[in-house]
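The chain contents come next:
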Amino acid sequence: MRPAFAVGLVFAGCCSNVIFLELLARKHPGCGNIVTFAQFLFIAVEGFLFEADLGRKRPAIPIRYYAVMVTMFFTVSVVNNYALNLNIAMPLHMIFRSVIRICACLLRCSRSCFRRYSIFKYTSIALVSVGIFICTFMSAKQVTSQSSSSENDGFQAFLRWLLGIGALTFALLMSARMGIFQETLYKQFGKHSKEALFYNHALPLPGFIFLASDIYDHAVLFNKSELYQVPVIGVTVPIMWFYLLMNVITQYVCIRGVFILTTECASLTVTLVVTLRKFVSLIFSILYFQNPFTLWHWLGTLFVFIGTLMYTEVWNNLGTTKSQLQKDKKN
C-alpha cells in the first residue's frame, strides 16, 4: 500500500502545486522570488524540527559539500521561477523541466556513460531534442504574433522570450549537474534524502536577503489582491496569499510523495511516475487555463515524453519495488 499511497501523494501534491503556481504567475508573473522563499522557509522549518532535531543532529554529509549543492539548487530555483516573467508559458516551462535525467547523463561526458548507449538510447535522445525544438520554435512564433502590432514592441517581446529560453536552458544544465554531484555524494556518504532536503532549503535562506526588496514589493501586491473566504475555516484573506499557502503545502506533499516513492520503488519506476505526473500537469494546464497549444506543440510534447520513457526503459521495471530487487539479487 505504501507505493500506491506515494503515487497518490505525487499526483495530488505535484499536480496541485503546478495549478497554484500558474494561478500566482498569471496574476503576477514576477512573483517567483516570494514563492521560492515561502517554499524554502516552510521546508527548512519542518526539517529543523523533525530531521535536524532542533540542530542537535550532526549531518551525515559534511556541510562543505552541501554548500556546493545548495549554491546550485538555489540558483536553479530562482532562475526557473524568474523565467516565468520572460514571456515563457507554463506548458513550455514544464516541457523543459521534463528532460533533466537525460541531460544529466549527457553532461557526464565519460566513456562509461556513452558505452552504455544503444541505438534505442540515441533514438530517445533525438526524439527529446526534436520535441524541444518544435515546442520552442512554435512558442517563438506565438510570441511575435501575439505582441503589439508595433515592430519595436514585437522585437522586444521576442528578446524577452529569448532571454527566458536562455534562463530555462541554463537552469536545466545546472539542475542536471547538481543531480550528478548529488549522486556522487550519495555513493561516498550513503543516501540521506531527508537530510539533503533540509540543508538544500535551510542553507540558502540568507541568500534571499539580496532579493528582499522584490519579495517585499510582491508581499504588498499580495495584500492588495481581492479577498477570499477560505472554505471550512471561514477566514477571509487576500486570495494571492491563499494561493501561496496552497502552493507551499502542495509542494511539501509532492516532495514527501517522491521521497516515499524512492524508498519503496526502483528508480526507473519513480521516473515513470514523475514523467506521467508532468504529462498530466501539462494537459491540465493546457485545458483548464486555455494556454495556447497548437498541433505542433502536441507533436513536440509527444516526442519529449515518448523519448523520456524510451530512454529510461521504465516499462521493464514497472511495479518493481526495492524489496523485490533485493530478493532477486539474493536468488
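All figures in this text were calculated on a predicted structure; none of them were measured in a lab.

1. Quick notes on the environment of Glu 195
Summarising the element assignment, Glu 195 is placed in helix 9 (residues 193-202). A relative accessible area of 5% means that Glu 195 is categorised as buried. Along the primary structure Glu 195 and Gly 47 are separated by 148 residues, whereas in three dimensions their C-alpha atoms are 7.8 Å apart. Those residues in contact with Glu 195 that sit more than four places away from it in its chain are Glu 51, Arg 58, Pro 59, Ala 60, Ile 61 and Tyr 66.

2. Regarding helix 2 (residues 32-50)
Taking 1.5 Å of rise per residue, the 19 residues of helix 2 would be expected to cover 27 Å, and the 27 Å separating its terminal C-alpha atoms lies within 8% of that figure. Three or more residues of helix 2 are buried, namely Gly 32, Asn 33, Ile 34, Val 35, Thr 36, Ala 38, Gln 39, Phe 40, Ile 43, Ala 44 and Gly 47.

3. What about unusual backbone geometry?
One non-glycine residue with positive phi stands out, namely Asp 53, at about 55°. Tracing the chain through its elements places Asp 53 in the loop between helix 2 and helix 3 (63-83). Given the relative accessible area of 35%, Asp 53 is considered partly exposed. Of note, Leu 54 is a non-glycine position whose phi angle comes to about 60°, a positive value. Leu 54 gets classed as partly exposed once you look at its relative accessible area, which sits at 44%.

4. Some thoughts on the UniProt feature "transmembrane region" (unreviewed entry) in the protein chain
According to UniProt, the positions carrying the feature "transmembrane region" (unreviewed entry) are residues 32-51, 63-82, 119-139, 159-176, 197-216, 228-246, 258-289 and 295-314. The span residues 32-51 shows a helical share of 95% and a strand share of 0%, and its end C-alpha atoms are spaced 27 Å apart. Taken end to end, residues 159-176 is 100% helix and 0% strand, and its first and last C-alpha atoms sit 26 Å apart.

5. Some points on the packing of aromatic side chains
Taken as a whole and judged by the stated rule, the model has twelve aromatic pairs. Relative to Phe 208, the ring of Phe 40 has its centre 5.6 Å away and its plane inclined at 80°; by these criteria the two rings are edge-to-face. Residue Phe 40 is located in helix 2, and its partner Phe 208 is located in the loop between helix 9 and helix 10 (212-223); the two are separated by 168 residues in the primary sequence. The exposure class of Phe 40 is buried, given its relative accessible area of 2%. Ring geometry for Phe 42 versus Tyr 252: centroids 5.6 Å apart, planes at 75°, classification edge-to-face. Residue Phe 42 is located in helix 2, and its partner Tyr 252 is located in helix 11 (residues 239-264); the two are separated by 210 residues in the primary sequence. Grouped by ring-pair contacts, the aromatic residues Phe 37, Phe 40, Phe 73, Phe 74 and Phe 208 constitute a single cluster.

6. Examining the nonpolar core
Judged by nonpolar contacts, the single largest core of 60 residues is most densely connected at Leu 24, Ile 34, Val 35, Leu 92, Phe 222, Tyr 243 and Leu 244. The dominant element in this core, judged by the number of residues it contributes, is helix 8 (residues 151-189), at ten residues. The contacts of Val 35, once residues within four sequence positions are left out, are Leu 21, Leu 24, Leu 244 and Asn 247. Ala 6, Val 10, Ile 260 and Leu 261 belong to the second largest nonpolar core, which has eight residues in total.

7. A short note on the environment of Leu 172
If you trace the backbone, Leu 172 turns up in helix 8. A residue is classified by how much of its surface remains accessible, and Leu 172, at 12% relative accessible area, is buried. Separated by 76 residues in the primary sequence, Leu 172 and Phe 96 place their C-alpha atoms 7.2 Å from one another.

8. As for the environment of Phe 198
Mapped onto the elements, Phe 198 comes out in helix 9. Spatially, the C-alpha atoms of Phe 198 and Phe 50 are 9.7 Å apart, while their sequence positions differ by 148 residues. Not counting chain neighbours up to four residues away, the residues in contact with Phe 198 comprise Ala 44, Gly 47, Phe 48, Glu 51 and Ala 52.

9. So, the state of the cysteines
Applying the stated criterion to the full structure yields one disulfide. Each disulfide pairs two cysteine sulfurs, and for Cys 14 the partner residue is Cys 254, the sulfurs being separated by 1.8 Å. Where Cys 14 bonds to Cys 254 through sulfur, the torsion about that S-S bond is close to 80°, and the disulfide is right-handed. Highlighted residues: Cys 14 in helix 1 (residues 2-27) and Cys 254 in helix 11, separated in sequence by 240 residues. Taking the relative accessible area as the measure of exposure, Cys 14 reaches 3% and is therefore buried. Unpaired in terms of disulfides, Cys 15 finds its nearest cysteine sulfur in Cys 14, a separation of 6.9 Å.

10. Structural notes on the side chain of Asn 247
Here Asn 247 shows up in helix 11. For Asn 247, a relative accessible area of 0% puts it in the buried group.

11. Overview of the confidence of the model for the protein chain
Of the residues in the protein chain, 77% reach a pLDDT of 70 or more, and the chain-wide mean stands at 78. For the protein chain, the element scoring lowest by mean pLDDT is helix 6 (residues 111-115), at 47; helix 10 scores highest, at 95. Here residues 110-114 is modelled with pLDDT under 50, and outside its nearest four sequence neighbours on either side it reaches five contacts, counting other chains as well.

The rules behind these values
- Residues numbered from 1 in each chain as written.
- Predicted model: local features only at pLDDT ≥ 70, side-chain atom pairs only at ≥ 80, totals over all residues.
- Heavy atoms only, no water.
- Helix = DSSP H or I, 4+ residues; strand = E, 2+ residues; numbered from the N terminus.
- Buried < 20%, exposed > 50% of the residue type's maximum accessible area, 1.4 Å probe, protein only.
- Contact = heavy atoms within 4.5 Å.
- Expected span 1.5 Å × (residues − 1).
- UniProt positions renumbered as here; feature names shortened; annotations may be inferred.
- Phe/Tyr/Trp six-rings, centres within 6.5 Å; stacked < 30°, edge-to-face > 60°.
- Core = buried A, V, L, I, M, F, W, Y, C linked by side-chain atoms within 4.5 Å.
- Disulfide = S-S within 2.5 Å.
- pLDDT = per-residue confidence, 0-100.

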